Structure formats: structure tokens, C-alpha cells
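This is what each chain is made of:
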Amino acid sequence: MIKKVIAIALILVFISSLSFATDPKINAESAILMDAKSGRILYSFNPYKKLPMASTTKIMTALIAIEKGNMEDIVEIGKDSVGIEGSSIYLYENEKISLKDLLYGLMLRSGNDASVAIGKYIGGDLKKFISMMNDRAKDIGAMNTSFANPNGLDAQNHYTTAYDLALIAREALKYEEFKEIVSTKTYIANRDKNNYFYNKNKTLWQYEGGDGVKIGYTKRSGRCLVSSATREGMQLIAVVLNDGDWFNDCYKLLDYGFENYSSYIIYDIGQFVSNVKVINGELDFLPVVVDDVCVLSLKESEKEKIKLSIELPDEIPAPINIGDKIGKISIYLDGELLYTSNLISKSKVKEISYFKRILKGLKN
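Below: a short report on this structure.

So, how was this worked out
Residues numbered from 1 in each chain as written. Predicted model: local features only at pLDDT ≥ 70, side-chain atom pairs only at ≥ 80, totals over all residues. Heavy atoms only, no water. Patch = residues over 30% accessible without salt bridge, like charges linked within 9 Å, V, L, I, M, F, W, Y side chains within 5 Å. Areas by Shrake-Rupley, 256 points an atom, 1.4 Å probe, with all protein chains shown as cover. Salt bridge = Lys/Arg side-chain N within 4 Å of Asp/Glu carboxyl O. Helix = DSSP H or I, 4+ residues; strand = E, 2+ residues; numbered from the N terminus. Buried < 20%, exposed > 50% of the residue type's maximum accessible area, 1.4 Å probe, protein only. Contact = heavy atoms within 4.5 Å. Expected span 1.5 Å × (residues − 1). Phe/Tyr/Trp six-rings, centres within 6.5 Å; stacked < 30°, edge-to-face > 60°. Lys NZ or Arg CZ within 6 Å of the ring centre and 35° of its normal. Pairing = 2+ DSSP bridges.

### Describing a nonpolar patch on the surface
Move 1: On the surface, Ile188, Tyr196, Tyr198 and Trp205 cluster together to form a nonpolar patch covering roughly 460 Å² of accessible area.
Move 2: With respect to the element layout, Tyr198 can be found in strand E7 (residues 196-198).

Below, the structure is given as C-alpha cells:
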């Protein structure tokens, strides 16, 4: 395996008059600003402090429901999903409602009853669903998160960090269904009563480009907010925990990101990287391409510091299929790994017979 490190200039002209940003002043006990595409942290304050999260819990509830369920599934409401304390969409026993309507009620109206109904339907019972939530958190990398329920009501072993919550939101935002739900201001459910859902997340109305995600509040957790916004193709996620000025502070974080960072395509999906020598194949060389697009949020002063690390073998034996992983490409800034993608085969290469190998050797 060989490793190549290449310094790249992202633009031809470097603007010398740089603006020097000052960190936003906020009131949160913990906060973070994250680039949704790459997961890069653009700002943080106590990002790994374990704190209760209130109804921002429901981001994970929705994520699992979208991954494991079908939006058109019809859910029959049991007695134990009715009359849950706190915010409600007023489910009633034996009501039949679609999973889609439950998810809108969960994320727009913050229905605690909807969260229980979703958990019981997807998990079979709440205990199993909560286990699914905790397992998914670990899969995402949210290692300092513990769920004790699907709604965020106060519980001893129910906590997260601003960093973990941003990771969970980032994962959920990869799903078009989730993005559609959390960016919806109002929704009319297919039910006879209590069918008008108004999104409590003021980010959608107050902030330019605002498109999510979830608010939360209990006396124990204080005011918690996960906001997201997209401008010129760059989506940012702002999280504040226990913040009395929750919306304004999220807006300050988002402003900081949009004012000081811009979005750059470092490489695109299918972009050619190199040819690799093939042993005993119908082709002598295999074209290798990137299997992903890399878009990074960068400050003006960071653009010329980006380095690519390309890892590829000197040669590879046939047979090779289209899409086979051949190596990887990694993006670094000042020694910090920002993004990694696989390098894959663009072509199929069949192995040649022993006889053809001899003839090929004679020609050479």
C-alpha cells in the first residue's frame, strides 16, 4: 500500500483581506455548531457535558421510526398510549392513525403520546424500543447518550451531550422523510379531531434558511433546542442545552457559521483519482474513482491548508468488479481528519486464463 499526500488550492485567487471572527456570546450550559454534511465542529462550548435533553429526544424516536417503519403503516392506539403527561396530540384508545401522522404529531406538536405509540408499534414494547434507541446512538457515535424513554420526560438515566445530539440530528437529516417533517410549519393529519399540527420550532419562521429541527423543555433540563438552517448549499446544525435564550443563541451560532464559513466541494462522486496496475487481468490498469462527494465548510484562511491523503495499492490482482473498494481518500486540515471516502473500481476486470498470461508475457 502506498500513501500519497497532496496539498491542494481550492481557488485560483486568494483574498488577502480576511475577516477575523469573534466567538458568539451565548447563555447555554452546553452548545455546539456542526456542519451537517461533514460533521465538522465549527464552534463548541462544553460540548461533552452530560445533560438532560427534554423533547429533543424525539429526534432519535423519529429516526428509528423512519428507518424501521413505513410511513403509510396504520397504527392502532392502545390504552397505554393515551393520556401521557405533557405535550399531546390527544390520541384516544382504538384510534387508527398512520405512522406518518404520528411522526408529524411527534415532531411538530411534540406529542408525548405519539412517542409512546410509535415506540410500542416499532419496538413491540417500549423497553425494546428504548434499547433500539440506545443501540442506534452507539452506532452513530453518540457514546455519552442514554435514553430512558422515547419522549424526553425527566428520568434519572436520560441524558446526552450537545455533541451527541448534533450527531443524532445529522444522521436523521440524511433521510428525506425526516427533513420534510421537521421543515414543515403546519400539517393537517388524517383524523377527525385534533388534526391541525403547528410546529413549535420558531426557527422555521424567524431565521433565514431555517429548516429544523426540534425544541424541548422540562424544569429539570431547562430549554433545549436543536436548530438547523441551509444557505447556499451549506446546512448547519446548532444545539444549545439549558439555555434561557435558546432561539436567539442558536441564531447567533448559525450566524457565526454562515458569516465565517463557506461551502466547498473538495471532490465529487465518481471523480477519477488514479490508475492502478492490474495483475493477470484483461486490462493493464484499473481506473479508480471516489464513491462519495466531499463538501466542507471552511474559513477563507483554511482553504489553502487542506491536504488530501490517498491510499492505494501499487497493484491489484484480477478479477475486479465495478464498485469494489480499492483504497481510501482522507481530508486533513492542520493534521485533523475532517472526512474520509472509499476509492472504488470504475471498471470490471476479468481474470485472463493461464494460456493468455503466457502469451501476454511473451509479447512483453
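### A short note on helix H2 (residues 99-108)
Move 1: Of all ten residues in H2, nine are buried; the element is thus mostly enclosed.
Move 2: Buried within H2 we find Leu99, Asp101, Leu102, Leu103, Tyr104, Gly105, Leu106, Met107 and Leu108.
Move 3: Ser110 lies just past H2 and shows a positive phi near 60°.

### As for the environment of Met234
Move 1: Mapped onto the elements of the fold, Met234 is located in strand E10 (residues 234-241).
Move 2: Met234 sits in the buried class, given a relative accessible area of 4%.
Move 3: Along the backbone, Met234 and Val295 are 61 residues apart, and their C-alpha atoms lie at a distance of 8.6 Å.
Move 4: Leaving out residues up to four positions away in the same chain, Met234 has contacts with Asp35, Ala229, Gly257, Phe258, Tyr261, Ser262, Ser263 and Ser297.

### A word on helix H8 (residues 246-260)
Move 1: An ideal rise of 1.5 Å per residue puts 21 Å on 15 residues; H8 measures up with 21 Å between its terminal C-alpha atoms.
Move 2: A large share of H8 lies buried, amounting to eleven of its 15 residues.

### Some points on the packing of aromatic side chains
Move 1: Going through the model one piece at a time under the given rule, you end up with nine aromatic pairs.
Move 2: Between Tyr187 and Phe197, the ring centres sit 6.2 Å apart and the planes meet at 25°, which makes this aromatic pair stacked. Here the residue Tyr187 occupies a position in strand E6 (residues 186-188), and Phe197 occupies one in strand E7, the gap between them amounting to ten residues.
Move 3: Judged by its relative accessible area of 1%, Phe197 is buried.
Move 4: On the numbers, 5.3 Å between centres and 25° between planes, the contact of Tyr207 with Tyr251 is stacked. Here Tyr251 lies in helix H8 and Tyr207 lies in the loop between helix H7 (203-206) and strand E8 (210-218), a separation of 44 residues in the sequence. Of the two residues, Tyr207 and Tyr251, neither departs from the other in class, the shared state being buried.
Move 5: Three or more aromatic residues joined by ring pairs form one cluster here, namely Tyr207, Trp246, Phe247 and Tyr251.
Move 6: Over the ring of Tyr92 we find Lys193; its NZ or CZ atom is 5.1 Å from the centre of that ring.

### Let's talk about the pairing of strand E14 (residues 294-298)
Strand residues, when the strand is regular, have side chains that alternate between the two faces of the sheet.
Move 1: With respect to burial, E14 is a largely interior element, five of its five residues being buried.
Move 2: Of the two faces of E14, the one carrying Cys294, Leu296 and Leu298 and the one carrying Val295 and Ser297 are both buried.
Move 3: Sheet topology note: the strand E11 (residues 262-267)/E14 ladder contains five bridges and is antiparallel. In the sheet register, Ser263 faces E14, and the bridge partner there is Ser297.

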